[in-house]
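Residue-level structure breakdown
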Amino acid sequence: MIKRVFVAGHNGMVGSAIVRQLEQREDVELVLRSKRELDLLDQAAVFDFFINEKIDEVYLAAAKVGGIVANNTYPAEFIYQNLVIESNLIHSAHLANVKKLLFLGSSCIYPKHAEQPMTERALLTGVLEPTNEPYAIAKIAGIKLCESYNRQYGRDYRSVMPTNLYGMNDNFHPQNSHVIPALLRRFHEAKLANSPEVVAWGTGKPLREFLYVDEMAAASVHVMELDEATYQQHTEPMLSHINVGTGIDCTIRELVETVAKVIGYQGAIVFDSSKPDGTPRKLMDVSRLKSLGWQACVTLEEGLTKTYKWFLENQDSFRG
């Protein structure tokens, strides 16, 4: 039986990876809409879309995202737009009798000083990181929307919370990209310019976890396709989200050295300890996901190599 699957946010890094996974399936008919074709902030348009398109399943990967500067500069946009997008999609899916939906969140839902590694139970146990609190609040609301529709209407709406992601279709902008695309671009340009050294911020000691985005997509499809009894057996009605990560972290120094190796940069690497390190450690506990039969297998070096290859093939599209 063919199922019609709507991937909201299919042009983004995560959404496009989910599309790549589902394109391989013979039992899936993908339904995709660009921002121009469907404004997810427009409640009436979203409702009409669901009623007319007879959607069977939804992957909710659409979101307003950005780095620290963007989150600090536009907090109102981050909380408002994300709340509206997820509210419109989840409520309209319910009204159109869509029984299955997967909401994609973020590890920033957890308290700033959560015990490491962070388990799902850490949710709502402490103060959030101030710089992206509005975004985190919206993502927490998405989890609770899913749980509330499950409890009141018997829906099967699930949530997954990824660790730090990287890969194809990442943002390589020189000013507002995240750490891996920023490093890949910096070392690539240093190699081209024969720069004698590359400076990295901080001491290199903080620990971080990174997951290749196609693995996130594979995990998302795996979680979506679990039978309802299995999913409920490993979760709770009001603690239903699932962490998605590798369960393995590395120091920023190890990350930087691996990026240099992948790119073939031969110069010196200098750590500027006058720059901030940030949180000492941020690691997801993925035991719940493993108990459900999925774990990551792409190593950091493998994932970086694939990402760099994609960067080289597409760099003309994001010069500047």
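The paragraphs below set out a description of the structure included in this document.

1. Considering the overall build of the chain
Broken down by element type, the chain carries 11 helices and 13 strands. Relative to the compact-globule value of 20 Å for 320 residues, the chain shows a C-alpha radius of gyration of 20 Å, a close match. Counting all 320 residues of the chain, 50% fall into the buried class. Taken as two groups, the 33 positive and 39 negative side-chain charges of the chain have centres that lie 2 Å from each other.

2. Thoughts on the sheet that holds strand β8 (residues 207–208)
Strand order in this open sheet of 3 strands is β11-β8-β13, and the pairing throughout is mixed. A strand with exactly one partner marks an edge of an open sheet, and here the two such strands are β11 (250–251) and β13 (281–282). With 2 bridges joining them, β8 and β11 adopt antiparallel strand pairing. Residue L207 lies in a different strand from β11, and its bridge partner there is T251.

3. Some details on the sheet that holds strand β5 (residues 156–162)
Taken together, the 6 strands give an open sheet; going across it, the order is β2-β1-β3-β4-β5-β10, and neighbouring strands pair in parallel fashion. Each end of this open sheet is capped by a strand with a single partner; those strands are β2 (28–31) and β10 (242–244). Averaged over all adjacent pairs, the angle separating strand axes in this sheet is 25°, with direction ignored. Docked against the sheet, helix α1 (residues 13–22) engages β1 (3–8), β2, β3 (57–60) and β4 (100–104), running at close to 160° with respect to β1.

Definitions and limits used
- Within any chain, residue numbers begin from 1 and follow the written order of that chain's sequence.
- Given that the model is predicted, a residue must reach a pLDDT of at least 70 before its local features are reported, and side-chain atom pairs must reach 80 or more before they are shown or counted; all residues, however, enter totals for whole chains, interfaces and linings.
- Derived side-chain values reflect all non-hydrogen atoms in the structure, with water molecules and hydrogen atoms excluded from consideration.
- Secondary structure elements follow DSSP: runs of H or I no shorter than four residues count as helices, runs of E no shorter than two count as strands, and numbering proceeds from the N terminus.
- With C-alpha atoms as the basis for the radius of gyration, the globule rule is written as 2.2 Å multiplied by the number of residues raised to the power 0.38.
- Burial classification: accessible surface area is computed with a 1.4 Å probe over protein chains only, and a residue below 20% of its type maximum counts as buried, one above 50% as exposed, and the rest as partly exposed.
- In this tally, Lys and Arg are treated as positive and Asp and Glu as negative; His is ignored, and so are the chain termini.
- Here the site of a charge means atom NZ of a Lys, CZ of an Arg, CG of an Asp or CD of a Glu.
- DSSP bridges decide pairing: two strands pair if at least two such bridges lie between them.
- To define axes, lines are fitted to C-alpha atoms, for helices over the stretch in contact only, and angles between the resulting N-to-C directions are given on a 0 to 180 degree scale.
- Residues are treated as being in contact if the distance between any of their heavy atoms lies within 4.5 Å.

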